[in-house]
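# Secondary and tertiary structure notes
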Amino acid sequence: MTTSILSVENLSVSIGAGKNKTDILKDVSFSLAPGKTLGIVGESGCGKSMTALAVMGLLPEGAQAAGQIVFHSRNLLELSAKDWTSIRGVRIAMIFQEPMTALNPVMTVGNQLGEMLIVHEGVSRNEARVAAIDLLTQVGIADPEARVDTYPHEMSGGMRQRVMIAMALACRPDILIADEPTTALDVSIESQILDLLLTLQQKHGMALLLISHNLAVISEMSDDVIVMYAGRVVESGPVTQVLGQPRHPYTRGLMSSIPDRNRQRERLPTIPGTVPPLRFRPVGCEFAARCPQAQDQCLIASVALRKLSDQHSIACLLP
Ligand SMILES: Nc1ncnc2c1ncn2[C@@H]1O[C@H](COP(=O)(O)OP(=O)(O)OP(=O)(O)O)[C@@H](O)[C@H]1O
Ligand SMILES: [Mg+2]
């Protein structure tokens, strides 16, 4: 058995109480190996970001979580706010889809990077500036000595995303979570940013949790993949198996809905029908209503993930 740096076990997240209670995530399990990339795919609303937020300890107020998120032998779901300060952004960092919301608009990028290092690494102001310039160089920003003194709004979208990556890398995290890191960018910039992520991952040996609608991106970048539907994992395993020989009808549907290469940035769903409202989950398999192969047995009870082989699992009753 390979050791994992992060192990999520039966993570369930619900929001609201009583008859308003909505199960957003149900029994999500996966593990992330050190230095490897795990892709998360699925249609909009299937719980990809909520999973990432749970790992970052940033669930919405009022959310209740059950299960375990094990990182260095600790269950992150049990950490206090104080414990989180030495983990969030430090050991586990995240880059978001829209960098402008995550960067401080009234602070130069150099000061933002520097502050991370002063707070978490205890370096001096001068050392922080040198380190900030080094980080900007690492993420491929030209003329970093000048750029270090600019504000986020003076930069292009691609450059801001590079700054976000520099921020995320500042404390050399063990895990980097990238939630749709390139959907706000032009296609030409997208591949540059993905290449940068791969290069930095190899250099620093980080594990990467990569969330994307884009199956082509996931298949190029990931070692393993989980496919989510309505807050559950419906298929998981090595990317060569899950996307190479998909077995769950939902994964098959996603694969057959990949647009051709020059349209690949569009959102996925072309499987007929929509995700059921999470507040009114059907009794059986959540995908049954859209599944071309659904049978009576699929409507009786919820369907758990089962192993097809050592590493490949599906939540489907079909043989
Ligand atoms: N703060 C919140 N309060 C209540 N429900 C929420 C909240 N945030 C998200 N949800 C619900 O949780 C579900 C999962 O949302 P999530 O953002 O994780 O989906 P996603 O897979 O990241 O989708 P997308 O691809 O559009 O980013 C959705 O049904 C969403 O409406
Ligand atoms: Mg999302």
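My aim in this report is to walk through the structure given alongside it, one point at a time. Since this is a predicted model, take the numbers as computed values, not measurements.

The rules behind the values
- Residues numbered from 1 in each chain as written.
- Chains lettered and ligands numbered in written order.
- Predicted model: local features only at pLDDT ≥ 70, side-chain atom pairs only at ≥ 80, totals over all residues.
- Heavy atoms only, no water.
- Helix = DSSP H or I, 4+ residues; strand = E, 2+ residues; numbered from the N terminus.
- Buried < 20%, exposed > 50% of the residue type's maximum accessible area, 1.4 Å probe, protein only.
- Polar contact = N/O pair within 3.5 Å; in protein donor to acceptor, adjacent residues only side chain to side chain.
- Pairing = 2+ DSSP bridges.
- Near = heavy atom within 4 Å.
- Areas by Shrake-Rupley, 256 points an atom, 1.4 Å probe, with all protein chains shown as cover.
- Nonpolar A, V, L, I, M, F, W, Y, C, P; charged D, E, K, R; others polar.
- Contact = heavy atoms within 4.5 Å.
- Axes fitted to C-alpha atoms, helices over the stretch in contact; angles between N-to-C directions.

Residue position: His213 is located in the loop between strand 8 (207-211) and helix 9 (215-221). For His213, a relative accessible area of 8% gives the class buried. Looking at His213, its side chain comes within polar contact range of the side chain of Glu180, at 2.6 Å.

All right, on to the pairing of strand 9 (residues 224-229) then. Of all six residues that make up strand 9, five are buried, and the element is covered over most of its length. For strand 3 (residues 37-41) and strand 9, the ladder comprises four bridges, and the chain directions are parallel. Bridge pairing in strand 9 places Ile40 opposite Ile226. Taken together, the six bridges between strand 9 and strand 10 (residues 232-238) define a ladder with antiparallel strand orientation. Of the residues in strand 10, the one forming a bridge with Asp224 is Pro238. The turn joining strand 9 and strand 10, which pair antiparallel and follow one another in sequence, is formed by two residues; a positive phi near 50° is taken by Ala230.

With that settled, consider the site of ligand 1. Not every one of the 14 residues close to ligand 1 is listed here, only the nearest: Ser44, Gly45, Lys48, Ser49 and Met50. The separation between an oxygen atom of ligand 1 and a polar main-chain atom of Gly45 is 2.8 Å. Met50 is positioned with one of its backbone polar atoms (N or O) 2.8 Å from an oxygen atom of ligand 1. Protein contacts shield 62% of the accessible area of ligand 1, which totals 640 Å² for the unbound molecule. Among the elements that take part in the shell around ligand 1, helix 1 (residues 48-55) stands out by supplying three residues, more than any other. A breakdown of the residues in the shell around ligand 1 according to their chemical character gives six nonpolar, five polar and three charged.

As a further point, take the sheet that holds strand 6 (residues 92-95). The strand order 6-7-8-3-9-10-12-11 describes an open sheet built from eight strands, whose pairing is mixed. At either margin of the open sheet sits one strand with a lone partner, and together these are strand 6 and strand 11 (306-307). Here strand 6 pairs with strand 7 (residues 175-179) via four bridges, running parallel. Paired with Ile92 across the strands is Ile175, a residue of strand 7. Each of strand 6 and strand 7 is contacted by helix 7 (residues 157-169), which is oriented at about 175° to strand 6, the strand it contacts most. Running over the sheet, helix 11 (residues 249-256) touches strand 9 and strand 10 and is turned about 100° from strand 9.

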